[in-house]
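Below, each chain spelled out in residue letters.
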Amino acid sequence: MSTIDWKNLPFNYFKTDYNVRCYWRNGKWGELEVSSSEYIIMHMAATSLHYGQEAFEGMKAYTGKDGKVRLFRIEENARRMIDTARYILMPEVPEELFIEAVVKAVKLNAQYIPPYGTGATLYIRPLLIGIGPEVGVRPSKEYLFMVFVTPVGAYFKEGFRPVNMMICREYDRAAPLGTGHVKVGGNYAASLLSMEKAHEAGFSAAIYLDPKEKKYIDESGPANFFGIKNNTYITPASRSILPSITNKSLMELAKDLGMKVERRPVPLEELEEFEETGACGTAAVISPIKSIVDPDTKKIYVYCKDDKPGPVCTRLYEQLTAIQFGEIPDRFGWTKIIDI
Ligand code: PLP
Ligand code: COI
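Predicted model, so just to flag it, every value in this text is computed and none were measured.

## Re the site of ligand 2
- The environment of ligand 2 is formed by F11, F56, G58, Y123, R125, Y155, K183, Y188, P222, T282 and A283.
- Contact distances for ligand 2 include 2.7 Å between an oxygen atom and a side-chain N or O atom of Y123.
- T282 places a polar main-chain atom, nitrogen or oxygen, 3.5 Å from an oxygen atom of ligand 2.
- Compared with its free state, where it exposes 280 Å², ligand 2 has 89% of that area covered by protein.
- Grouping the amino acids of the shell around ligand 2 by side-chain chemistry returns seven nonpolar, two polar and two charged.

So, in structure tokens, the structure goes:
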């Protein structure tokens, strides 16, 4: 679509032509349907509306240097949606159905896949929601699984430029044994106020601490956290963070680049020792962190003095995006080329 200003797309909803849908009724999945409506009709007593019985995923389609369209580790997203579904008592979307729906949604909206070199991608949003009526707190008997796509630019407006973040002590996004490790909408509702406060204070994101002891770093807004020191990639192990597929990939890339990798609780004091820090996720890719402010202790941890991303963040970013955009061979088998 020649009228789209690909280079200046925000990370926001942009209407495309079709979405795909599949209903769970009478204990089984129906046929995949194509819809051109942006709206869903559901019962006003639907469990997703009242009791948050909903799961979502997020991934991207990338137009490569060779003009081919790639998906990145999509089966990992399928498995994560299965984990989420199990945790909040929804039927699992089988991996094959998930992949079929995603590929179909991308192909049907081929004209909205941003061209190579624009920095934009096609964001893919699978959604699984309880649509059947229940007034007592119990799982729905009917579900809708759907996938829509929308072309997006960078999540943090800075793109691959260092951003400032603040430690959030006032609020948690998840409970110690709650839903932080799965992708349910409630986690994001719980983060809205703290994120808004962080934005109002001039920060790109809030960094959450472990909700039990408030001693360790959990994650940074809608992205996992990592720190680099002594040629080591260090990222939090925590029950209350979302297992990020980007982070998992960066750990493998770091190893491949000859770095050590540690996944373990990261005490707050360790912020002092890192040479670089970053936030990573599908939407954020890698967002290098310029500084982290702790409003309670008034400490400021600075990682980029000259506004430039550090060398390790840069190397990891280049490697990851080069694989996603087909600029180098995919030596890990992470990408799936789809025929458009
Ligand atoms: N953490 C949270 C809370 C997220 O919402 C996301 C985005 O999905 C991530 C981390 C990054 O996960 P991924 O790399 O799988 O996109
Ligand atoms: C993603 O990185 O895909 C996310 O889901 C983050 C956010 C937009 C919720």
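## As for the site of ligand 1
- Not every one of the 16 residues close to ligand 1 is listed here, only the nearest: Y188, E219, S244, T246 and T282.
- Interatomic distance of 2.8 Å between a side-chain N/O atom of R80 and an oxygen atom of ligand 1.
- Contact distances for ligand 1 include 2.5 Å between an oxygen atom and a side-chain N or O atom of Y188.
- Considered on its own, ligand 1 offers 380 Å² of accessible surface; in the complex 96% of this is hidden by protein.
- Those elements that provide at least two residues to the shell around ligand 1 are β12 (223–229), α5 (245–256) and β15 (276–281).

## Considering helix α6 (residues 311–324)
- Given a rise of 1.5 Å per residue, 14 residues ought to cover 20 Å, and the 20 Å separating the end C-alpha atoms of α6 matches this to within 8%.
- Buried within α6 are the following residues: V312, C313, L316, Q319, L320, T321, A322, I323 and Q324.
- Within two residues after α6, G326 carries a phi angle of roughly 60 degrees, on the positive side.

## Quick word on the packing of α5 against α6
- Between α5 and α6, the shortest axis-to-axis distance is 10 Å and the interhelical angle comes to 110 degrees. Considering the angle they form, α5 stands roughly perpendicular to α6. Judged by the sense of rotation from one axis to the other, the crossing of α5 with α6 is right-handed. Note on element contacts: α6 touches α5 through L316, Q319, L320 and I323, opposite T246, S249, L250, L253 and A254.
- Classifying every residue of the contact of α5 with α6 by side-chain character gives six nonpolar, three polar and no charged.

## A short note on the pairing of strand β16 (residues 285–294)
- Of all 10 residues in β16, nine are buried, a share of seventy percent or more.
- Where strand β9 (residues 163–168) and β16 come together, four bridges link them in parallel fashion. Within β16, the position partnered with N164 by the bridge is S291.
- Where β15 lies against β16, four bridges are found, and the strand directions are antiparallel. For G281, the partnering residue across the bridge sits in β16 and is V285.

## Points about the packing of helix α2 (residues 74–87) against helix α3 (residues 95–108)
- Their axes nearest at 9 Å, the elements α2 and α3 cross at an angle of 125 degrees. Relative to α3, α2 is oriented oblique. α2 and α3 meet at a crossing whose hand is right-handed. Within the contact between the two elements, α2 uses I74, E75, N77, A78, R79, M81 and I82 and α3 uses E95, F98, I99 and V102.
- Class assignment of the residues belonging to the contact of α2 with α3 gives a composition of seven nonpolar, one polar and three charged.

## A look at the packing of aromatic side chains
- All chains considered together, the criterion is met by 15 aromatic pairs.
- Plain terms: the ring middles of F226 and Y233 are 4.9 Å apart, the flat faces sit at 20 degrees to each other, and that makes the pair stacked.
- Classification of F226 as buried rests on a relative accessible area of 0%.
- Taken together, the ring pairs in this structure connect W24, W29, F98 and F145 into an aromatic cluster.
- Over the aromatic face of Y23 sits the side chain of R25, whose NZ or CZ is 4.4 Å from the ring centroid.
- Here the basic side chain of R173 rests over the ring of Y188, its NZ or CZ set 5.8 Å away from the ring centre.

## A word on the domain arrangement of the protein
- Domains assigned within the protein are domain 1 (6–152) and domain 2 (163–324).
- On a C-alpha basis, the centres of domain 1 and domain 2 stand 26 Å from each other.
- Contacts between the two partners involve 20 residues from domain 1 and, on the opposite side, 23 residues from domain 2.
- Note on domain 1 versus domain 2: buried area summed over both sides is about 1800 Å², and carbon and sulfur give 61% of it.
- It is F72, R80 and Y87 in domain 1 that bury the most area against domain 2; as a group they hold 34% of the surface buried on that side.
- Here domain 1 is connected to domain 2 by two salt bridges.
- For E76, the salt bridge is made with K248, and the minimal N-O distance between the two is 3.0 Å.
- Linking domain 1 to domain 2 there are 10 residue pairs in polar contact (both at pLDDT 80 or more).
- Taken together, the residues that form the side of domain 1 that touches domain 2 break down as nine nonpolar, three polar and eight charged.

Conventions we followed
Residues numbered from 1 in each chain as written. Chains lettered and ligands numbered in written order. Predicted model: local features only at pLDDT ≥ 70, side-chain atom pairs only at ≥ 80, totals over all residues. Heavy atoms only, no water. Near = heavy atom within 4 Å. Polar contact = N/O pair within 3.5 Å; in protein donor to acceptor, adjacent residues only side chain to side chain. Areas by Shrake-Rupley, 256 points an atom, 1.4 Å probe, with all protein chains shown as cover. Nonpolar A, V, L, I, M, F, W, Y, C, P; charged D, E, K, R; others polar. Helix = DSSP H or I, 4+ residues; strand = E, 2+ residues; numbered from the N terminus. Expected span 1.5 Å × (residues − 1). Buried < 20%, exposed > 50% of the residue type's maximum accessible area, 1.4 Å probe, protein only. Axes fitted to C-alpha atoms, helices over the stretch in contact; angles between N-to-C directions. Parallel < 35°, antiparallel > 145°, perpendicular 65-115°, else oblique. Left-handed = near helix turned anticlockwise from the far one by under 90°. Contact = heavy atoms within 4.5 Å. Pairing = 2+ DSSP bridges. Phe/Tyr/Trp six-rings, centres within 6.5 Å; stacked < 30°, edge-to-face > 60°. Lys NZ or Arg CZ within 6 Å of the ring centre and 35° of its normal. Domains from an automatic or database assignment. Buried area = accessible area lost by both parts, 1.4 Å probe. Salt bridge = Lys/Arg side-chain N within 4 Å of Asp/Glu carboxyl O.

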